[in-house]
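# Examination of the molecular architecture
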Amino acid sequence: WISNKEAFILEKLPWAILIGFVPMIIYFFYSNFSWFGVWNPTEIYTDLNLPKPPIWAIISGFMFDSMRGLLVYNPIFILIFVGLPVWLKKNPENLKTSLLVVLPSIAGLAIFGGWQGGDSQIGRYAIDFLPVLLPAAAFVVMSLQKRIELAAVLVLLVITALITIDSVIIKRTYVRNDQRS
């Protein structure tokens, strides 16, 4: 059961969120207009001639592309997908709230044709929603019962670290020697 004070807070919470969120949205569109001269943020990219692949191809590329795929460069994130059903079973309300928070970001990425990130790693696009999904990976780690399962997670972690080191030190040297700013 919840107290009267908690009930009062829960009643007022949606309005508090709305009061905080609406000014940020107004400021976003105002900033967009003052910087780029357009109210619609998607109009900024009309001259870039970005590819317009179907959504399934964008999501597939975002996850599995050999040059920029999130799971290719960060195999440890596989634990998130394995942990989502565990999270749903152990704490469904928390998972639903977390998904409600991150789905707009994921939907935005799913319609952005420039998912490959140019010269940067794909993780920069996912940084705003991956931390919210890390409890799914934690549920996997907490449910490990055999040493082989723990070893598999450690192997994923080591592979992720080696890929990151390789990407930063070896594959990215051409960017350091490049004359572009």
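A quick note: this is a predicted structure, and the numbers were derived from the prediction, not measured. (Residues numbered from 1 in each chain as written. Predicted model: local features only at pLDDT ≥ 70, side-chain atom pairs only at ≥ 80, totals over all residues. Heavy atoms only, no water.)

## Some details on the overall build of the protein chain
Secondary structure summary: the protein chain contains nine helices and zero strands in total. Along the protein chain, helices (α) and strands (β) appear in the sequence α-α-α-α-α-α-α-α-α when read from the amino end. With 181 residues in all, the protein chain has 24% of them scored as buried. A separation threshold of at least 6 residues defines the contact pool for the protein chain, and within that pool the share at least 24 residues apart is 61%. Within the structure as shown, the protein chain displays about 13,100 Å² of accessible surface, and the carbon and sulfur contribution to it stands at 71%. (Helix = DSSP H or I, 4+ residues; strand = E, 2+ residues; numbered from the N terminus. Buried < 20%, exposed > 50% of the residue type's maximum accessible area, 1.4 Å probe, protein only. Contact = heavy atoms within 4.5 Å. Areas by Shrake-Rupley, 256 points an atom, 1.4 Å probe, with all protein chains shown as cover.)

## Section: the pattern of salt bridges
The final tally for this structure, using the stated rule, is one salt bridge. Two residues, K96 and E93, come together in a salt bridge whose shortest N-O distance is 3.8 Å. Here E93 and K96 lie together in helix α5 (residues 92-110), a separation of three residues that amounts to about one turn. Overall, E93 belongs to the exposed group, its relative accessible area being 52%. (Salt bridge = Lys/Arg side-chain N within 4 Å of Asp/Glu carboxyl O.)

## Digging into helix α7 (residues 130-142)
Here α7 is 13 residues long and its end C-alpha atoms lie 19 Å apart, about the 18 Å a rise of 1.5 Å per residue gives. Of all the residues in α7, the buried ones are L130, L133, A136, A137, F139 and V140. (Expected span 1.5 Å × (residues − 1).)

## Quick notes on the side chain of S98
Assignment of secondary structure puts S98 in helix α5. With relative accessibility at 11%, the residue S98 sits in the buried group. Aside from chain neighbours lying at most four places away, what touches S98 is W87 and V132.

## A few points about the packing of helix α4 (residues 78-90) against α7
One can describe the packing of α4 onto α7 by two numbers: an axis separation of 7 Å at closest approach and a directional angle of 80 degrees. By the angle between their directions, the pair α4 and α7 is classed as roughly perpendicular. Contacts between α4 and α7 involve L79, I80, V82, G83, L84, V86, W87 and K90 from the first element and L130, V132, L133, L134, P135, A136, A137, F139, V140 and V141 from the second. Each residue belonging to the contact of α4 with α7 can be placed in one class, and the counts come to 16 nonpolar, one polar and one charged. (Axes fitted to C-alpha atoms, helices over the stretch in contact; angles between N-to-C directions. Parallel < 35°, antiparallel > 145°, perpendicular 65-115°, else oblique. Nonpolar A, V, L, I, M, F, W, Y, C, P; charged D, E, K, R; others polar.)

## Let's talk about the nonpolar core
Side chains of a nonpolar character, in soluble globular proteins, are inclined to be buried together. F62, L70, F77, L79, I80, F129 and L130 are the most contacted members of the largest nonpolar core, which has 23 residues in total. Sequence-distant contacts of F129, that is, excluding residues within four places in its chain, are made with F62, V102, S105, I106 and L109. (Core = buried A, V, L, I, M, F, W, Y, C linked by side-chain atoms within 4.5 Å.)

## Describing the packing of aromatic side chains
The final tally for this structure, using the stated rule, is four aromatic pairs. For the pair F28 and F29, a centre-to-centre distance of 5.1 Å together with 75 degrees between the ring planes defines the contact as edge-to-face. On the accessibility criterion, F28 (41% relative accessible area) is partly exposed. Seen from their ring centres, W87 and F139 are 6.2 Å apart, and the 40 degrees between their planes marks the pair as tilted. Here F139 lies in helix α7 and W87 lies in helix α4, a separation of 52 residues in the sequence. The two residues W87 and F139 agree in class, both being buried. (Phe/Tyr/Trp six-rings, centres within 6.5 Å; stacked < 30°, edge-to-face > 60°.)

## Looking at a nonpolar patch on the surface
A contiguous nonpolar surface patch, about 960 Å² in accessible area, is contributed by F21, M24, I25, Y27, F28, F29, Y30, F33 and W39. Along the chain, F33 falls in helix α1 (residues 4-36). F33 gets classed as partly exposed once you look at its relative accessible area, which sits at 34%. (Patch = residues over 30% accessible without salt bridge, like charges linked within 9 Å, V, L, I, M, F, W, Y side chains within 5 Å.)

Functional significance is not addressed by these values, which are geometric in nature.
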